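Close look at the chain arrangement
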Amino acid sequence: MTDILHKLQAATSDDPATAELLREAVQEIRELRRQRDALEEIMIVLSRTELPWDEDGSPTDALPHFKERYLNAVHEAAGLLGLELRSTITRTEPRT
């Protein structure tokens, strides 16, 4: 646990509303870190996935494996970045 979480958990308040706010802040930070870690794992998978083309741009035997890993990673990322989880970056869906 990081220093900020320790500080928030150690902070006490006689006011029930403030105490509840501190609990909610700790929970939100934990959830955001869980999402960050999951997205980091997805990025690791994508960065370690060998591109399935040779130097001439022709597909290699790795194409089916690449498609599977890529589609799984993108599906997981889409779940983490869904409309119900809009971040400060993704306030609206991009127009396609």
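Residues numbered from 1 in each chain as written. Predicted model: local features only at pLDDT ≥ 70, side-chain atom pairs only at ≥ 80, totals over all residues. Heavy atoms only, no water.

Attention now goes to the packing of helix 1 (residues 3-10) against helix 2 (residues 16-48). The interhelical angle for the contact between helix 1 and helix 2, taken along N-to-C directions, is 160 degrees, at an axis separation of 9 Å. Taken together, the axes of helix 1 and helix 2 lie roughly antiparallel to each other. As helix 1 packs across helix 2, the resulting crossing turns out to be left-handed. Residues I4, L5, L8 and Q9 of helix 1 touch helix 2, and the partners they reach there are L22, A25, V26, I29, R30 and R33. Taken together, the residues of the contact of helix 1 with helix 2 break down into seven nonpolar, one polar and two charged. (Axes fitted to C-alpha atoms, helices over the stretch in contact; angles between N-to-C directions. Helix = DSSP H or I, 4+ residues; strand = E, 2+ residues; numbered from the N terminus. Parallel < 35°, antiparallel > 145°, perpendicular 65-115°, else oblique. Left-handed = near helix turned anticlockwise from the far one by under 90°. Contact = heavy atoms within 4.5 Å. Nonpolar A, V, L, I, M, F, W, Y, C, P; charged D, E, K, R; others polar.)

Attention now moves to the pattern of salt bridges. In the structure shown here, the tally under the stated rule is four salt bridges. Two residues, E20 and R23, come together in a salt bridge whose shortest N-O distance is 2.9 Å. With a gap of three residues between them, E20 and R23 both fall in helix 2, about one helical turn apart. Judged by its relative accessible area of 34%, E20 falls in the partly exposed class. (Salt bridge = Lys/Arg side-chain N within 4 Å of Asp/Glu carboxyl O. Buried < 20%, exposed > 50% of the residue type's maximum accessible area, 1.4 Å probe, protein only.)

Look at helix 2: 48 Å from first C-alpha to last across 33 residues, which is about the 48 Å you get at 1.5 Å a residue. Among the residues making up helix 2, those that are buried are A19, L22, V26, Q35 and I42. The inward-facing, buried residues of helix 2 abut helix 1 and helix 3 (63-80). (Expected span 1.5 Å × (residues − 1).)

Evaluation of the coordinates by the stated rule reveals two aromatic pairs. An aromatic cluster of three or more residues is present, and its members are W53, F66 and Y70. (Phe/Tyr/Trp six-rings, centres within 6.5 Å; stacked < 30°, edge-to-face > 60°.)

If you trace the backbone, T49 turns up in the loop between helix 2 and helix 3. We classify T49 as buried; its relative accessible area is 8%. When sequence neighbours within four positions are dropped, the list of residues in contact with T49 reads F66 and R69.

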